[in-house]
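Topology and contacts: notes
Listed here are the chains, written in short residue letters.
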Amino acid sequence: MTGPALGPEAWALGPSVLRDMHKIRVVIAKPGLDGHDRGAKVIARALRDAGMEVIYTGLRQTPEQIVNAALQEDADVIGLSILSGAHMHICPRVVELLREKGLTEVLVVVGGIIPDTDVPKLNAIGVEGIFQPGTPMQDIVDFIDRHTRARVASNS
Amino acid sequence: MGAPADTTHAKRVVERLYTPDSIASLEYERDLGDPGQYPYTRGIHASGYRGKPWTMRQFAGFGTPEETNERYRQLLEAGGTGLSVAFDLPTLMGRDPDHELSLGEVGKCGVSIASLADMEALFEGIDLGAITTSMTINGPASMILAMYLVLAEQRGTDWRTLSGTIQNDILKEFIAQKEFIYPPRPSMRLVTDVFAFCAEQMPRWNTISVSGYHIREAGATAAQELAFTLRDGIEYVQYGIDAGLAVDAFAPRISFFFNSHSDFFEELAKFRAARRIWACVMRDRFKAHSPRSWQLRFHAQTAGVSLTAQQPYNNVVRTALQAMAAVLGGAQSLHTNALDEALALPTAEAATLALRTQQIIAEETGITEVVDPLGGSYYVEALTTALEKEALVYFDTIDRMGGMVAAIERGYPQREIAESAYRSQQAIETREQIIVGVNQFTADEEAPIKTLYIDEAAQQRQLARLDEIRRRRDSRRVAAALAALEAGAATGANTMPLLLDAVRAYATLGEMCDSLRKVWGEYVESPVI
């Protein structure tokens, strides 16, 4: 599936608006060995229903595979779902690989069982959204929407 | 009843009042029977919990085998009556702690068991003949069972006296929990190898725990949990028969594992419906003659997914109510979740409180005095029948697809569950479903509670032990055992004796699983959203 074709009126408005009308592209990934994918699948569907283009990688993706998917899919956002406690190993690696590949514009968010004590550490390395158990889907949709728009605005 | 699968997502209508009319078609002898009588709707034992209380079996495991061993001793001292091993993700996936995918996962979600040496440490000072042990593992179930057997052998404990359960339910891994290794069909071969081996060597062992728990946690409704679990059970029986086993030789050792969720009456009715459906399936579909083949025995666990990170003390109340539903539904054993499990693995204090919850139900409430005390309730009987009917619609659909393996291969149960999971999340967002402390009665400020933090030390210790094992063992003996395993897998030989030899030589879990990966390959799921 691709986004809707843009008509000539969109081109006339210039590149920043063009970007704005382009669907937000999100790679939802499930890194590590854990197979509990309920959250990843529910959020993938919520983002899709909110009008975003969602690519779900499936299970057991390495950070390398996730970053490659983001590159190939021209993703605006990477959403990681981690419940196993391995987030402090996986998130830094994903952020580091994004930097290596020059994908510094990609918004990184993580959802799952993340203890409070790890939240500031993840923020510090550049994981901007951290969604703990009980977060409403709409909050995640709004967060992604707000942050990707802010980036587009600052780049135009 | 060929209703399109979609309609099963419709919410069941609950009436304001149930009357004798609600159960007019029910016949006592045919549909209920006394406890201990076919179709066992009211329970499998005439004496209920007066004859035998349920086993209080708390699922536990984290870090190194030594750390988990300490927790087990504490649970047994606190009055726990059975053990239940939680393994870490590398173990569940058949990977050694030094595999690249194991990084950051060793000892985190359970205990790390990489070889017989770890199994020795896990049960240090615990008499295998005096306790019952449940081991929640599926992909590498037979390898872990082989380790338990060799440990018993070392200590001179007769295999025939061992009592406990190996989960060994690979179908629900493909459906819900996703800790699979090999493709479905060779995976089923490992399962039936365990059936055949245990039928001869381990008469008191439950060779499988057909599990709805994870199916429910992944988002299934109560009816879907009931339907998919029992349909999985049918698939295992069919594969056992197809492997040449007599139904009454292995069916009595099949056990079940259900979730006990928050909708109180629906849950206890689900357990009653499960017994009736299974009795009928085993007698009429499979022509089993032994009443022991007809009797559905089950373990229950309160719903992990219902636990909230917000206002975690509320979880104690949720768990108590869910546990009551399981007891009123006639569970043979029960695990109660700890209040902090939406945040982390439980602390020792939280785990003890969870056990105390069961003890209070057993000792203080009087619930255990009467067998099936809610039997005959217009509502409970109507609900039991409604759930049974919903499950049978699913049976038809899956039968028409060619069975559960075929249904899984086309992603059918996976899609049904994903749909329900999404709907239940939407119901929470719209407050159609209230979760206290989450979308209603919320608090702005909450004092954090103490949680268990598992550091990286466990990984270091496990890596060191693995190194030591590899240096100390006879590597030629290991290589020969692994080669024999690989050769046996390629032919039709039962893999259990070959695994026992590999374990005796201290082959690691990852090595044994790799030998079979060479023959069968690995399963890669096409994700269904």
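What you see is a predicted model; the values in this text were computed from it and never measured.

1. Brief notes about the overall build of chain B
Helices and strands together make up the secondary structure of chain B, namely 22 helices and nine strands. For chain B, whose C-alpha radius of gyration is 23 Å, the value lies close to the compact-globule estimate of 24 Å for 529 residues. Along the first, second and third principal axes, the C-alpha set of chain B runs to 75 × 60 × 45 Å. In chain B, which comprises 529 residues, the share counted as buried stands at 53%.

2. Notes on the overall build of chain A
Each helix and strand in chain A was counted, giving seven helices and five strands. Along the chain direction, N to C, the helices and strands of chain A fall in the order α-α-β-α-β-α-β-α-β-α-β-α. Across the 156 residues in chain A, those meeting the buried criterion constitute 44%. In chain A, 70% of the contacts between residues at least 6 apart in sequence involve partners at least 24 apart.

3. Observations concerning the packing of helix α14 (residues 314-328) of chain B against helix α15 (residues 348-364) of chain B
All names here are of chain B. Two numbers describe how α14 lies on α15: the axes approach to 10 Å, and their chain directions differ by 45°. By the angle between their directions, the pair α14 and α15 is classed as oblique. The element α14 and its partner α15 pack so that their crossing is right-handed. Facing Val 316, Thr 319, Ala 320, Ala 323, Met 324 and Val 327 of α14, the residues of α15 in contact are Leu 353, Ala 354, Thr 357, Gln 358 and Ile 361.

4. Description of the pairing of strand β4 (residues 163-166) of chain B
Residues and elements named next belong to chain B. Two strands pair when backbone bridges link them, and strand β3 (residues 132-136) and β4 are joined in this way by four bridges, in the parallel orientation. Bridged to Ser 134 within β4 is Thr 165. Handedness of the β-α-β unit built from β3, helix α6 (residues 141-155) and β4 comes out right-handed. When β4 meets strand β5 (residues 205-206), the two strands line up parallel, connected through two bridges. Each residue of the ladder has a partner; that of Gly 164, found in β5, is Trp 205.

5. Considering the nonpolar core
Core analysis: the biggest nonpolar cluster contains 190 residues, and Ile 78 of chain A together with Ala 274 of chain B have the highest contact counts within it. At 10 residues, the largest contribution of residues to this core is made by helix α10 (residues 222-242) of chain B. Look past the residues within four positions of Ala 274 of chain B in its chain and what remains in contact with it is Leu 226, Leu 230, Phe 256, Phe 258, Leu 296 and Phe 298 of chain B.

6. Considerations on the packing of α10 of chain B against helix α16 (residues 378-401) of chain B
Residue and element names in this part refer to chain B. Where α10 meets α16, the axes come as close as 8 Å, and the angle between the chain directions of the two elements is 50°. Between α10 and α16, the crossing angle belongs to the class labelled oblique. Our pair here, α10 against α16, has a crossing hand that is right-handed. Contact residues: Ala 222, Ala 223, Leu 226, Ala 227, Phe 228, Leu 230 and Arg 231 in α10; Leu 387, Glu 390, Ala 391, Tyr 394, Phe 395 and Ile 398 in α16. Residues belonging to the contact of α10 with α16 are distributed by class as follows: 11 nonpolar, no polar and two charged.

7. Re α6 of chain B
All names here are of chain B. The end-to-end C-alpha distance of α6 is 22 Å, a good match for the 21 Å that 15 residues give at a rise of 1.5 Å each. Within α6, burial applies to Ala 141, Ser 142, Met 143, Ile 144, Leu 145, Ala 146, Met 147, Tyr 148, Leu 149 and Val 150. Along its buried surface, α6 packs onto α5 (116-122), β3, β4, α8 (184-201), α21 (495-504) and α22 (509-520). Phi turns positive one or two residues past the end of α6, at Gly 156, with a value near 75°.

8. Considering the environment of Val 141 of chain A
All names here are of chain A. Here Val 141 is to be found in helix α7 (residues 137-155). Taking the C-beta count within 10 Å as the criterion, Val 141 has 18 such neighbours and is therefore assigned partly exposed. Sequence separation between Val 141 and Gly 51 is 90 residues; the distance between their C-alpha atoms is 9.7 Å.

9. Concerning the sheet that holds strand β9 (residues 333-335) of chain B
Residue and element names in this part refer to chain B. Taken in spatial order, the nine strands of this open sheet run β5-β4-β3-β2-β1-β9-β8-β7-β6, and their pairing is parallel. Across the chains shown, the open sheet's two edge strands, defined by having one partner strand only, are β5 and β6 (208-211). Pairing analysis gives three bridges linking strand β8 (residues 298-302) to β9, with the strands arranged parallel. Within β9, the position partnered with His 299 by the bridge is Ser 333. Its contacts with the sheet put α10 on β6 and β7 (254-260), and the angle it makes with β7 is roughly 170°.

10. Remarks on the interface of chain A and chain B
Taken together, the contact pairs 27 residues of chain A with 32 residues of chain B. Broken down by secondary-structure element, the contributors of at least two residues to the side of chain A that touches chain B are α3 (38-49), α5 (87-100) and α7 of chain A. Of all the elements, α3 of chain A adds the most residues to the side of chain A that touches chain B, at five residues. Residues that form the side of chain A that touches chain B fall into these classes: 12 nonpolar, nine polar and six charged.

11. Thoughts on the confidence of the model for chain B
Residues and elements named next belong to chain B. On average, residues of chain B score 95 in pLDDT, and 98% of them are at 70 or above. Note that residues 1-8 has pLDDT below 50 and, in this model, 11 contacts with residues that lie over four places away or in other chains. Reported confidence for the predicted complex is 0.89 by ipTM and 0.93 by pTM.

12. Focus: the sheet that holds strand β1 (residues 25-29) of chain A
Residues and elements named next belong to chain A. One open sheet accounts for five strands, arranged β2-β1-β3-β4-β5; its pairing is parallel. Each of the sheet's edge strands pairs with one partner strand only, and the pair in question is β2 (53-56) and β5 (129-131). Across the sheet, the mean angle from the axis of one strand to that of its neighbour is 20°, orientation sign disregarded. Relative to strand β4 (residues 107-112), strand β3 (residues 77-82) runs parallel, the two sharing six bridges. Across the sheet, residue Val 77 finds its bridge partner in β4, namely Leu 107. The sheet strands contacting α5 are β3 and β4, and the helix crosses β3 at an angle near 165°.

13. Here's the deal with the confidence of the model for chain A
Looking at chain A as a whole, the pLDDT averages 87, with 83% of positions reaching at least 70. In the model, residues 1-19 of chain A has pLDDT below 50 throughout and makes 15 contacts with residues more than four positions away in sequence or in other chains.

14. Some words on the environment of Ala 421 of chain B
By secondary structure assignment, the location of Ala 421 of chain B is in helix α18 (residues 412-429). Residue classification places Ala 421 of chain B among the buried residues on the basis of 22 C-beta atoms within 10 Å. Along the sequence, Ala 421 of chain B and Ile 449 of chain B sit 28 residues apart, while their C-alpha atoms lie 29 Å from each other. When neighbours within four sequence positions are excluded, Ala 421 of chain B is seen to be in contact with Arg 38, Lys 41 and Val 42 of chain A together with Ala 218 and Gly 219 of chain B.

15. Observations regarding helix α20 (residues 475-490) of chain B
Here α20 of chain B spans 23 Å end to end across 16 residues, near enough to the 22 Å set by a 1.5 Å rise per residue. Close packing links the buried residues of α20 of chain B with α21 and α22 of chain B.

16. Regarding the environment of Thr 221 of chain B
By the element assignment, Thr 221 of chain B lies in the loop between α9 (213-217) and α10. With 26 C-beta atoms counted inside 10 Å, the residue Thr 221 of chain B sits in the buried group.

17. Considering the pairing of β3 of chain B
Residue and element names in this part refer to chain B. Within β3, four of the five residues are buried, leaving the element largely enclosed by the surrounding structure. Where strand β2 (residues 82-86) meets β3, four bridges bridge the pair, whose relative direction is parallel. Looking across to β3, one finds that Ser 84 is bridged to Ser 134.

Rules used throughout
- Residues numbered from 1 in each chain as written.
- Chains lettered and ligands numbered in written order.
- Predicted model: local features only at pLDDT ≥ 70, side-chain atom pairs only at ≥ 80, totals over all residues.
- Helix = DSSP H or I, 4+ residues; strand = E, 2+ residues; numbered from the N terminus.
- Rg over C-alpha atoms; globule rule 2.2 N^0.38 Å.
- Buried ≥ 20, exposed ≤ 12 C-beta atoms within 10 Å, placed from the backbone.
- Contact = placed C-beta atoms within 7 Å.
- Axes fitted to C-alpha atoms, helices over the stretch in contact; angles between N-to-C directions.
- Parallel < 35°, antiparallel > 145°, perpendicular 65-115°, else oblique.
- Left-handed = near helix turned anticlockwise from the far one by under 90°.
- Pairing = 2+ DSSP bridges.
- Right-handed = clockwise from strand over helix to strand, strands pointing away.
- Core = buried A, V, L, I, M, F, W, Y, C linked by C-beta atoms within 7 Å.
- Nonpolar A, V, L, I, M, F, W, Y, C, P; charged D, E, K, R; others polar.
- Expected span 1.5 Å × (residues − 1).
- pLDDT = per-residue confidence, 0-100.

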